[in-house]
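# Survey of secondary and tertiary structure
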Amino acid sequence: MTTTLRRRTLLGAAAFGMVSASLGIQFSSARAQEKVTLRLSSPATPTDQRAVAMTEIFGPAIAEFATLEPHWNAELFKQGTELEAIARGNLEMCIASAQELATIFPEFSIFTAGYLHRDAEHQKKVFAADFMQPLKQKVEDELNVKLLAVMYLGRRQLNLRIDKEIKTPADLAGVKLRMPGTDAWQFLGSALGASPVPTAFTEIYTALQTGAIDGQDNPLPSNRDSKFYEVTKQIVLTSHLVDLNYIAFSKKVWDGLAPEQQAVVQKAADDAAESGRQKQLALEAELEQFFKDKGLKVYTPDVDAFRTHVQKVYLESDYAKSWPEGMVDKINAL
Ligand code: KDO
């Protein structure tokens, strides 16, 4: 129901965006010499490796004909509203999650399922696979958004302010686990065995500090960047989601670029994603010690128990009914 309503509103917005798009193209060709401004909005911190890659690699690579204007910490648009802003023609770029896309295109919920992607390399292969093409095309045709590249956010781990040792999903019963606001995220929290609480990324620190939540889940680099270790006691290495974001680009702006410029934008996105991926992987490998030095307990639970439970919950869910036929097998086979 939520998905249907959101889909109608957004696809309407995209149609409106198309009208202003044609105006925009005339406008931009009239001013062919002027640089395009690409406003990018994301809740990521400026020190996040995705942000660093966009600022240091993507921005300079397109500088001849476009200016990247990034807005971090959700300063321009609230987390989860960015795709709508692009569809309406109010924003040019964002770093979108599959969970946000799944609110409009239910088939994207496949990428929100716990223990599906194996690692960063697998995630990259899935994005490049033939079976991904119709999904990308649908987003482009219906929402006016181009998904240029997949960014590796990292393996999500539980990060709790409570002392209780967590070995299996049963140990999370009653634990108030912050998850982002969309249904697919909330579902992941329940699938882990916890009681999910919707909270925006920018509000996590205070919610942990005041005890409004018992914990949150994010990859180790995000936990360090946002200083969650100051207000939590433990990290449980569940690795329950090899998380991704897509570099999302306004189709309206894309269509106004010359083919050579489009090629430069595409390469810049690929290069930024690759650089961010490598840096994020390196950080994940070294940060366990950082958190231990900060006095947190860091340990591995019974990951098989989590995997078995979470996969079963997803396969039996309504989400699985929206997944393209045979896609789980194709993903697993890669
Ligand atoms: C989060 O809200 O926990 C999350 O990690 C979800 C991601 O999809 C992404 O939006 C991320 O926040 C932000 O980019 C902040 O790092």
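Read on for a plain summary of the structure. Predicted model, so just to flag it, every value in this text is computed and none were measured.

Now for the overall build of the protein chain. Helix and strand counts for the protein chain stand at 14 helices and 9 strands. Structurally, the protein chain occupies a C-alpha span of about 65 × 40 × 35 Å along its principal axes. Counting all 334 residues of the protein chain, 53% fall into the buried class. Taking contacts inside the protein chain between residues at least 6 apart in sequence as the whole, the part at least 24 apart equals 78%. Of the roughly 14100 Å² of accessible surface on the protein chain, 53% is carried by carbon and sulfur atoms. For the protein chain, the separation between the mean place of its 37 positive charges and that of its 42 negative charges on side chains is 2 Å.

We now examine the site of the ligand. The environment of the ligand is formed by 15 residues, the closest being R50, Q79, R156, R178 and N218. Between the ligand and R178, the relevant distance is 2.7 Å, taken from an oxygen atom to a side-chain nitrogen or oxygen of the residue. At 3.2 Å, a side-chain N or O of N245 approaches an oxygen atom of the ligand. Isolated, the ligand exposes 370 Å² of accessible area, and the fraction of that covered by the protein chains is 99%.

Our next topic: the pairing of strand β2 (residues 66–71). Relative to β2, strand β1 (residues 36–41) runs parallel, the two being bridged by 6 bridges. Its bridge partner being in β2, R39 is matched across the sheet by E69. At this point the chain moves from β1, through helix α2 (residues 49–61), to the parallel β2, and the crossover so formed is right-handed.

A few words now on unusual backbone geometry. If a residue is not glycine, its phi is most likely negative; likewise, a peptide bond is most likely trans. The phi torsion at N144 lies on the positive side, around 70°, for a residue other than glycine. Counting through the fold element by element, N144 comes out in the loop between α6 (133–143) and β4 (145–160). Positive phi values are uncommon outside glycine, yet S239 reaches one of about 45°.

Right, let's get into the environment of F58. Looking at where F58 falls in the secondary structure, it is placed in helix α2. On the accessibility criterion, F58 (0% relative accessible area) is buried. Sequence spacing of F58 and D171 is 113 residues, and the spatial spacing of their C-alpha atoms is 43 Å. Setting aside residues up to four positions removed in sequence, F58 forms contacts with L38, A53, L68, M93, F249, V265, A268, A269 and A272.

Our next topic: α6. Of all the residues in α6, the buried ones are L135, K136, V139, E140 and L143. Buried residues of α6, seen end-on, are gathered within an arc of 135° and therefore sit on one face of the element. Away from the buried face of α6 by more than 90 degrees, exposed residues P134 and D141 are located. Within two residues after α6, N144 carries a phi angle of roughly 70°, on the positive side.

Here we take up the nonpolar core. L83, F108, F111, L147 and Y246 are the most contacted members of the largest nonpolar core, which totals 55 residues. Residue-level mapping places this core at the junction of two domains, with at least three residues from each of domain 1 (2–153 + 243–282) and domain 2 (156–242 + 284–321).

Further remarks concern the packing of aromatic side chains. Applying the stated criterion to the full structure yields 10 aromatic pairs. Taken together, a centroid distance of 6.0 Å and an interplanar angle of 80° make the contact between F108 and Y246 edge-to-face. Of this pair, F108 sits in the loop between α4 (98–102) and α5 (120–128) while Y246 sits in strand β8 (residues 234–250), and the two are 138 residues apart along the sequence. Grouping residues by exposure puts F108 and Y246 together as buried. Summarising the aromatic geometry, the rings of F187 and Y314 are spaced 5.0 Å apart at their centres and angled 80° between planes, so their arrangement reads as edge-to-face. With F187 in helix α7 (residues 183–191) and Y314 in helix α12 (residues 303–315), this pair connects stretches of sequence that are 127 residues apart.

Bringing the pairing of strand β6 (residues 195–198) into the picture now. Note: strand β5 (residues 176–179) against β6, 4 bridges, orientation parallel. Along β6, the bridge assignment pairs M179 with P198. This β-α-β element, β5 to α7 to β6, shows right-handed connectivity.

About the thresholds
- Every chain is numbered on its own, with residues counted from 1 as its sequence reads.
- Local features in a predicted model are, by the rule used here, given only for residues with pLDDT of at least 70; side-chain atom pairs are given and counted only at 80 or more, and totals for whole chains, interfaces and linings are based on all residues.
- Note that water and hydrogens are dropped before the side-chain values are worked out from all heavy atoms of the structure.
- Only DSSP runs of H or I covering at least 4 residues are called helices, and only runs of E covering at least 2 are called strands; the numbering of each starts at the N terminus.
- Note on classification: 1.4 Å probe, protein chains only; a residue is buried when its accessible area is under 20% of the maximum for its type, exposed when over 50%, partly exposed between these limits.
- In what follows, residue pairs with any heavy atoms lying within 4.5 Å of each other are defined as contacts.
- Every accessible area reported is derived by Shrake-Rupley at a probe size of 1.4 Å, with residue values counting cover from the shown protein chains alone.
- None of His or the chain ends enter the tally, which takes Lys and Arg as positive and Asp and Glu as negative.
- Charged groups are reduced to one reference atom each: NZ for lysine, CZ for arginine, CG for aspartic acid, CD for glutamic acid.
- For this purpose, a residue is taken to be near a molecule or strand whenever a single non-hydrogen atom of the residue falls within 4 Å of it.
- Under the rule applied, a polar contact is a pair of N or O atoms within 3.5 Å (in protein, one hydrogen donor and one hydrogen acceptor; residues adjacent in sequence only if both atoms are side-chain atoms).
- In this description, strands pair whenever DSSP reports at least two bridges between them.
- For the handedness criterion, the strands are oriented away from the viewer, and a crossover whose path from the first strand over the helix to the second runs clockwise is classed as right-handed.
- Arc definition: it is the arc formed by the directions from the helix axis to the C-beta atoms.
- For our purposes a nonpolar core is just a set of buried Ala, Val, Leu, Ile, Met, Phe, Trp, Tyr and Cys residues, chained together by side-chain atoms within 4.5 Å.
- What fixes the domain bounds is an automatic or database domain assignment.
- For this analysis, a ring pair means two rings from Phe, Tyr or Trp (six-membered ring only for Trp) whose centres lie within 6.5 Å, classed as stacked if their planes differ by under 30 degrees, edge-to-face if by over 60, and tilted for the remaining angles.

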